[in-house]
Amino acid sequence: MVDGSPGNRTLLVVDDEDAVRRSLIAFLHQSGFPSAREARNGSEALDVLSRERVFLVITDISMPVMGGLELLARIRREYPETDVAVVTGHLELDFAIQAIKNGAFDYFKKPFRFEEVIGTVNRVIEKQHLQRRSLELELLKERRRAEDRHLKDFVLALAKITDMKNPYTRKHSDRTSEISRLMAERIGLGADDVERICLGARVHDIGKIAVPDHVLDKQGRLTEAEFDLVKEHPARGADLCQRVSCLMPVVPMIRWHHENLDGSGYPDGLKGDAIPVDARIVRIADYWDAITSQRSYRKPMTTDGAARQIEYECEWGRLDPDLARVLLDCVGAGLVQRVRASATV
Ligand SMILES: [Fe+2]
Ligand SMILES: [Fe+2]
């Protein structure tokens, strides 16, 4: 027997023939189903169902008041968790086929052997057990997905707070995200890829939460030791986000948004195509936003100056020239400037 004591399970036998019904009930009582109930027709069966939770109804087809097929239809509609097995006379095979088509679990032909009935009862118990397990697993998965979404929202909030800690980086990640969106759309990436890149850009600097405030807030140039601390932020951010499954796809952008095409970047010194295109897009969007923003130690570059700086970085082999061209096309169309001017970003 599957899943707990059979004594806790209620079966219902519906048959207008007293002898058939009573002998089956007696057999079920002896076979470990002391709570097996009986009814003489479909109408009485519905009375029992309205009072008790029944896992299986074994019903005759031809009965006065309400027959088995009508009862089956009512049960499928009103008690979907209850299974039905039908019992047919030897001339009623068409009804049995109809019953199976209408959702009956099984059928028996009279005269049936009690062992057949117990075989069906056990298969129903096993099927319902598996259905419950599958439902529980689905609920568990949904709970995990919800937890994951909450963690993602938390990380996004942390990323915003990290930007806000320093007046010079306020909204930096939001702007980097919007510039990345412009670039990703311009090179024709699909909607899912665009959204992934935007999300990666929004959390790309999350690792700065681990960089001491006195380093982030320092007025003037950083010492080598301080810069070493700043250089830890991509790896720290990637470590944090790889614990959240829905952020896993953006971890490469977080870890490699300071890598250079010539291998001179950090933290891994990746070169060329070893740097995923997502990370190369965020790299350029991030760089543009940084050089066109005010810093404690310098003024923001003008649009023309920043465009020249981007070209210079490409000549030195640090930035991807194809993606840099995409950015500069967006700048030429005035789209990037609109990102900064936007009231919401
Ligand atoms: Fe960064
Ligand atoms: Fe950044």
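Since the model is a prediction, treat every value here as computed from it, not as a measurement. (Residues numbered from 1 in each chain as written. Chains lettered and ligands numbered in written order. Predicted model: local features only at pLDDT ≥ 70, side-chain atom pairs only at ≥ 80, totals over all residues. Heavy atoms only, no water.)

1. A word on the nonpolar core
At step 1: In this structure, I179, M183, W288, I310, L327 and V336 are the most contacted members of the largest nonpolar core, which totals 44 residues.
At step 2: For W288, the residues in contact, after removing those within four places along its chain, are I179, T303, A306, A307, I310, L327, L328, V331 and V336. (Core = buried A, V, L, I, M, F, W, Y, C linked by side-chain atoms within 4.5 Å. Buried < 20%, exposed > 50% of the residue type's maximum accessible area, 1.4 Å probe, protein only. Contact = heavy atoms within 4.5 Å.)

2. Things to note about the coordination of the iron ion (ligand 2)
At step 1: Looking at the metal site, the iron ion (ligand 2) is ligated by H172 (NE2), H204 (NE2), D205 (OD) and D286 (OD), spaced 2.1 to 2.2 Å from it.
At step 2: Because the angles between the four donor atoms bound to the iron ion (ligand 2) fall within 76 to 173 degrees, the donor set is best described as irregular.
At step 3: In primary sequence terms, the donor set of the iron ion (ligand 2) follows H-x31-H-D-x80-D.
At step 4: The metal-metal distance between the iron ion (ligand 2) and the iron ion (ligand 1) is 3.6 Å, with D205 serving as a donor to both. For the pair formed by H204 and D205, the shared burial category is buried. (Donors = N, O, S within 2.8 Å, 3.2 Å for Na, K, Ca; no water. Tetrahedral: all angles 85-135°; square planar, octahedral: opposite > 155°, others 65-115°.)

3. Overview of the environment of R51
At step 1: Along the chain, R51 falls in helix α2 (residues 42–51).
At step 2: Of the residues examined, R51 reaches a relative accessible area of 61% and is grouped as exposed.
At step 3: Along the backbone, R51 and R308 are 257 residues apart, and their C-alpha atoms lie at a distance of 81 Å. (Helix = DSSP H or I, 4+ residues; strand = E, 2+ residues; numbered from the N terminus.)

4. As for the packing of helix α12 (residues 277–291) against helix α14 (residues 321–332)
At step 1: In the contact formed by α12 and α14, the axes pass within 10 Å of each other and the chain directions differ by 45 degrees. Relative to α14, the element α12 lies oblique. Crossing of α12 over α14 shows right-handed handedness. Two secondary-structure elements touch here, α12 through V277, R280, I281, I284 and W288 and α14 through L323, A324, L327, L328 and V331.
At step 2: For the contact of α12 with α14, the residue count by class is nine nonpolar, no polar and one charged. (Axes fitted to C-alpha atoms, helices over the stretch in contact; angles between N-to-C directions. Parallel < 35°, antiparallel > 145°, perpendicular 65-115°, else oblique. Left-handed = near helix turned anticlockwise from the far one by under 90°. Nonpolar A, V, L, I, M, F, W, Y, C, P; charged D, E, K, R; others polar.)

5. Describing the packing of aromatic side chains
At step 1: Scanning the entire structure with this criterion turns up six aromatic pairs.
At step 2: The interplanar angle of 15 degrees and the centroid separation of 4.5 Å between the aromatic rings of F27 and F114 together place this pair among those described as stacked. Note that F27 is positioned in helix α1 (residues 18–30) and F114 in helix α5 (residues 114–164), a separation of 87 residues in sequence.
At step 3: For F27, a relative accessible area of 18% puts it in the buried group.
At step 4: A connected cluster of aromatic rings, assembled from ring pairs, spans F27, F108, F112 and F114.
At step 5: One residue, R9, lies across the ring of F55, its end atom 5.3 Å from the ring centre. (Phe/Tyr/Trp six-rings, centres within 6.5 Å; stacked < 30°, edge-to-face > 60°. Lys NZ or Arg CZ within 6 Å of the ring centre and 35° of its normal.)

6. Some points on the domain arrangement of the chain
At step 1: Each assigned domain of the chain is listed with its residue range as follows: domain 1 (6–138) and domain 2 (165–341).
At step 2: The centre of domain 1, based on its C-alpha atoms, is set 66 Å off from the matching centre of domain 2. (Domains from an automatic or database assignment.)

7. With respect to the sheet that holds strand β1 (residues 11–14)
At step 1: Spatially, β2-β1-β3-β4-β5 is the arrangement adopted by the five strands of the open sheet, whose pairing is parallel. A strand with exactly one partner marks an edge of an open sheet, and here the two such strands are β2 (37–39) and β5 (106–109). For this sheet, the mean inter-axis angle between neighbouring strands, taken without regard to orientation, is 20 degrees.
At step 2: For β1 and strand β3 (residues 56–60), the ladder comprises four bridges, and the chain directions are parallel. (Pairing = 2+ DSSP bridges.)

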